[in-house]
Amino acid sequence: MNCIECQENISPYLDGELDELQAADMRVHLSICAGCAKICEDFSVILDTCRENVPSEIIPPNSQALWCRINNLIESEIKPDLIVEEPVKRGFFSRGWNLTFSQAGAGVLAIALISSLLTVVGIRNYFEPSREDFTSRSAASQTTFEKFLSKIGLTDTPQQAREKRVKEQQAAIAYWTNRVQERRGQWDAKIRDAFDRNLNLLDESVSEYTIILQENPDDDLTGEMLDTVLTDKMDLLREFSDL
Amino acid sequence: MARVLKNRFSINFVGKTTILLLLSVVFFFAPTDASAQRRFSKSYPATRNVRLNLLNRSGTVTVEGWNRAEVQIQAYMETPAAAINPQIIDGTIIINMVKENFGRGEVGNVNFTIRVPFEAKVDIETKIGNLNVSSVRGALVRAKISSDGDITLTNINAQMVSAENGIGNIFFDGDIQSGGTYRFTSISGDINLRVPFNSSFKLIATAPSTRSINLGSFSTANMRILGDGRRVAGQVGDGSSSLLVTNQRGSIAFIRR
């Protein structure tokens, strides 16, 4: 299985819709491809969060019929297009440029925006950091341009990104903890002990790394390890929730 | 006098006989290791590059390569005996002990001994228990333990190898193929990797807690020590394969073969 096939199958895989063989292929690919594993994990976090946050608003019993009615109303309010005679073309330069001041201003702004976006893409590609160590991005490996963007608030700093990710992981962990609590009563003592032992060890690592990061928020290696143990914790909970 | 002696003798005799009988009953019904196990054994004709997918709940799994186009599955089930139902789908042998025994509560250990052709792909997983794979040279060897257990991979020659456990040791003894991917991760335990001296790979080895990363004779000038000794990254030889080793609370050691 390659990365494209894997990413196409992530959603059915998480929903348990793949057959045994495909699921096994997915597991193998996810265990060896860090990129796809990350995508799968992010997807899983989103799904878990969605499952947790059940929408508060009530969906109407026949939402399709309601949409049809709204659509009919909109269509009935649209006036038929007036047939306008096309003016005789007088050539490019002789055409009248009757622009208002605001229209001209908007045009200039649009051109400026497009050119700056092109510049951003160009510079970004030019200064892309080397990935020879295939380690995760850190403050140290940020380009000057990225640092500038994060300073002016256009992108997250590595610390902000990490905090956001930890929050997502904690939400998923809370979901799987509930699932495990539902099943735990059926486990025998041996399984319970092994689970608790591993969970305690992971929790110890989480607290150690959290303390180190509080003292030194720029310690990217610890940030990466915190991410790894939180993922390990999520995996442990998920894997024991089906027992 | 003779009558008294006779009565005493008969009482003693009856008492001893009763005790002996009771003891024999107790020993007869007492469970022994041999009688508490149920055995499952089945062989399947297979292609040389057959794939084995096993997901166990608890117990030891041993997979050995052999020179036959056949897969032999032997399982010893402790009481309460688990249900087992291997399936063959598209040339893959699938054994899913979690699915087969879902909602059954207490299920005893299931210890597997599986023989596969040398070129087989092996993908085994368990919640608790040891995993051993030996003499396999297929495209893939994957072993995962969700919690406690050791992983031992010996005489392996595969392009993709992944070993992952919670609490327990990992030992790998095998070749590093050009273009291969090798990943070893543990939460707590020791990771020992025995590879040929002429192996070439890109390495990232991380042991944040112990900082015990011993590269042995693979320690070259191309290696960099990062994060105050918590990580070692670099290249051995032409770096044609990638090796990722992470041990949260244990050591990492390389042994030259």
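Read on for an overview of the structure.

Rules behind the numbers
Residues numbered from 1 in each chain as written. Chains lettered and ligands numbered in written order. Predicted model: local features only at pLDDT ≥ 70, side-chain atom pairs only at ≥ 80, totals over all residues. Heavy atoms only, no water. Helix = DSSP H or I, 4+ residues; strand = E, 2+ residues; numbered from the N terminus. Buried < 20%, exposed > 50% of the residue type's maximum accessible area, 1.4 Å probe, protein only. Areas by Shrake-Rupley, 256 points an atom, 1.4 Å probe, with all protein chains shown as cover. Pairing = 2+ DSSP bridges. Axes fitted to C-alpha atoms, helices over the stretch in contact; angles between N-to-C directions. Contact = heavy atoms within 4.5 Å. Parallel < 35°, antiparallel > 145°, perpendicular 65-115°, else oblique. Left-handed = near helix turned anticlockwise from the far one by under 90°. Nonpolar A, V, L, I, M, F, W, Y, C, P; charged D, E, K, R; others polar.

1. Let's talk about the overall build of chain B
Scanning chain B for helices and strands turns up three helices and 21 strands. Evaluated residue by residue, chain B yields a buried proportion of 52% over its 257 residues. Accessible surface, chain B: about 11,800 Å² in total, of which carbon and sulfur atoms supply 53%.

2. A closer look at the sheet that holds strand β20 (residues 242–247) of chain B
Two orientations exist for strands paired in a sheet by backbone hydrogen bonds: parallel and antiparallel. Spatial ordering of the open sheet is given by β5-β6-β2-β8-β10-β12-β14-β20-β16-β19-β18 (chain B), a layout of 11 strands whose pairing is mixed. Two strands lie at the open edges of the sheet, namely β5 (87–89) and β18 (223–226) of chain B, each paired on one side alone. Between one strand axis and the next, the sheet turns by 10 degrees as a mean value, whatever way the strands run. The sheet contacts of helix α2 (residues 20–32) of chain A involve β2 (51–58), β5, β6 (92–96), β8 (121–128), β10 (140–145), β12 (160–167) and β14 (181–188) of chain B, and relative to β2(B) the element is tilted by about 85 degrees. The strands that helix α9 (residues 220–240) of chain A touches are β8, β10, β14, β16 (201–206), β19 (231–236) and β20 of chain B; relative to β19(B), the one it contacts most, it runs at about 95 degrees.

3. Focus on the packing of helix α1 (residues 3–14) of chain A against α2(A)
Between two packed helices, both the angle of their axes relative to each other and the distance between the axes serve to describe the pair. Residues and elements named next belong to chain A. Contact pair α1 / α2: the axes reach a minimum separation of 10 Å and the direction vectors enclose 120 degrees. For the element pair α1 / α2, the angle class is oblique. Crossing hand, α1 versus α2: left-handed. Contact with α1, carried on its side by Cys3, Cys6, Asn9, Ile10 and Tyr13, involves Ala23, Met26, Arg27, His29 and Leu30 of α2 and no other residues of that element. Residues belonging to the contact of α1 with α2 are distributed by class as follows: seven nonpolar, two polar and one charged.

4. Description of unusual backbone geometry
All names here are of chain B. Thr79 connects to Pro80 through a cis peptide bond whose omega is -10 degrees. Position of Pro80 among the secondary structure elements: in the loop between β4 (70–78) and β5. The backbone phi angle of Asp90 is positive, close to 50 degrees, even though this residue is not glycine. With respect to the helices, strands and loops of the structure, Asp90 is situated in the loop between β5 and β6. Positive phi outside glycine occurs at Arg211, with the angle close to 55 degrees. The topology assignment puts Arg211 in the loop between β16 and β17 (213–214).

5. Here's the deal with the sheet that holds strand β13 (residues 170–174) of chain B
With mixed pairing, the 10 strands of this open sheet are ordered in space as β1-β4-β7-β3-β9-β11-β13-β15-β21-β17 (chain B). Edge strands, defined here as strands with exactly one partner in the open sheet, are β1 (37–45) and β17 of chain B.

That's the geometry; what it means functionally is another story.
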